[in-house]
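Structural features, examined
Next come the chains, spelled out residue by residue.
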Amino acid sequence: MRMDTLTCEGVSDEVIVQNQRVKVHIRCKKCGETFILRGVRDVKGNIETGFKRCLCDNESDFDIETLQ
Ligand SMILES: [Zn+2]
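What comes next concerns the included structure. The model shown is predicted, which means the values in this text are computed figures rather than measured ones.

The rules we used
- Residues numbered from 1 in each chain as written.
- Predicted model: local features only at pLDDT ≥ 70, side-chain atom pairs only at ≥ 80, totals over all residues.
- Helix = DSSP H or I, 4+ residues; strand = E, 2+ residues; numbered from the N terminus.
- Buried ≥ 20, exposed ≤ 12 C-beta atoms within 10 Å, placed from the backbone.
- Pairing = 2+ DSSP bridges.
- Contact = placed C-beta atoms within 7 Å.

Quick notes on unusual backbone geometry
Positive phi values are uncommon outside glycine, yet Asp-57 reaches one of about 75°. Topologically, Asp-57 is positioned in the loop between strand 3 (47-48) and strand 4 (62-67). Accessibility expressed as a C-beta count within 10 Å gives 8 for Asp-57, which makes it exposed.

This is the structure:
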(Lines give C-alpha, C1' and ligand atoms only; values in the text may rest on other atoms or scores of the structure.)
Protein backbone atom coordinates (compact mmCIF):
# COMPACT_ATOMS: atom_id res chain seq x y z
CA MET A 1 0.00 0.00 0.00
CA ARG A 2 1.47 3.29 -1.07
CA MET A 3 1.01 6.17 1.32
CA ASP A 4 2.25 9.01 -0.83
CA THR A 5 -1.28 10.01 -1.81
CA LEU A 6 -1.50 11.61 1.61
CA THR A 7 1.02 14.26 0.69
CA CYS A 8 -0.40 17.38 -0.89
CA GLU A 9 2.57 19.47 -1.91
CA GLY A 10 1.84 22.34 -4.24
CA VAL A 11 -1.86 22.53 -3.54
CA SER A 12 -3.30 25.64 -5.11
CA ASP A 13 -6.68 27.30 -5.19
CA GLU A 14 -7.46 25.83 -8.58
CA VAL A 15 -10.45 23.57 -8.85
CA ILE A 16 -9.36 20.00 -8.49
CA VAL A 17 -10.63 17.98 -11.40
CA GLN A 18 -12.68 15.09 -10.21
CA ASN A 19 -11.22 11.74 -11.05
CA GLN A 20 -12.68 10.35 -14.24
CA ARG A 21 -14.21 6.91 -14.20
CA VAL A 22 -13.43 4.79 -17.20
CA LYS A 23 -13.89 1.25 -18.36
CA VAL A 24 -10.64 -0.48 -19.03
CA HIS A 25 -10.11 -3.43 -21.31
CA ILE A 26 -7.08 -5.49 -20.34
CA ARG A 27 -5.71 -8.33 -22.44
CA CYS A 28 -2.97 -10.60 -21.17
CA LYS A 29 -0.21 -10.89 -23.74
CA LYS A 30 0.85 -14.25 -22.38
CA CYS A 31 -2.36 -16.28 -22.33
CA GLY A 32 -4.84 -14.00 -24.14
CA GLU A 33 -7.29 -13.74 -21.26
CA THR A 34 -9.28 -10.51 -21.30
CA PHE A 35 -10.69 -8.49 -18.45
CA ILE A 36 -13.10 -5.57 -18.37
CA LEU A 37 -12.62 -3.45 -15.30
CA ARG A 38 -13.75 -0.10 -14.03
CA GLY A 39 -10.87 2.23 -13.39
CA VAL A 40 -10.23 5.79 -12.37
CA ARG A 41 -8.06 8.10 -14.43
CA ASP A 42 -6.12 10.48 -12.25
CA VAL A 43 -4.94 13.98 -13.16
CA LYS A 44 -1.66 12.63 -14.49
CA GLY A 45 -3.45 10.34 -16.95
CA ASN A 46 -2.60 7.18 -15.06
CA ILE A 47 -5.40 4.67 -14.77
CA GLU A 48 -5.91 2.84 -11.51
CA THR A 49 -8.00 -0.31 -11.74
CA GLY A 50 -6.78 -2.34 -8.83
CA PHE A 51 -5.94 -5.09 -11.30
CA LYS A 52 -3.10 -7.17 -9.90
CA ARG A 53 -2.34 -10.10 -12.14
CA CYS A 54 -3.75 -12.45 -14.69
CA LEU A 55 -4.89 -15.98 -14.00
CA CYS A 56 -1.58 -17.16 -15.50
CA ASP A 57 0.42 -15.14 -12.92
CA ASN A 58 1.47 -12.54 -15.47
CA GLU A 59 1.71 -9.23 -13.63
CA SER A 60 3.11 -6.82 -16.18
CA ASP A 61 2.65 -7.85 -19.80
CA PHE A 62 -0.73 -6.53 -20.90
CA ASP A 63 -2.45 -4.63 -23.65
CA ILE A 64 -4.54 -2.00 -21.89
CA GLU A 65 -7.07 0.25 -23.56
CA THR A 66 -9.80 2.44 -22.21
CA LEU A 67 -13.40 2.15 -23.37
CA GLN A 68 -15.79 5.05 -23.62
ZN1 LIG B 1 -2.58 -14.46 -18.66
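Re the pairing of strand 2 (residues 34-41)
Pairing of strand 1 (residues 20-28) with strand 2, which is carried by 8 bridges, proceeds in the antiparallel orientation. Each bridged residue has a counterpart across the sheet, and for His-25 the counterpart in strand 2 is Ile-36. Taking the residues between adjacent antiparallel strands as the criterion, strand 1 and strand 2 are bridged by 5 residues, where Gly-32 takes a positive phi near 85°.

Overview of the sheet that holds strand 3
Neighbouring strands of a sheet are bound in pairs by backbone hydrogen bonds; such pairs are parallel or else antiparallel. Reading across from one edge, 3-2-1-4 is the order of the 4 strands in this open sheet, with antiparallel pairing throughout. Taken across any chain shown, the strands that pair with only one partner, and hence form the sheet edges, are strand 3 and strand 4. Relative to strand 3, strand 2 runs antiparallel, the two sharing 2 bridges. Residue Val-40 lies in a different strand from strand 3, and its bridge partner there is Glu-48.

Some points on the environment of Arg-27
Along the polypeptide, Arg-27 turns up in strand 1. Owing to 14 C-beta atoms within 10 Å, Arg-27 belongs among the partly exposed residues under this scheme. Counting along the chain gives 34 residues from Arg-27 to Asp-61, while the straight-line C-alpha distance between them is 8.8 Å. Those residues in contact with Arg-27 that lie beyond four places of it in its chain are Gly-32, Thr-34, Phe-62 and Asp-63.

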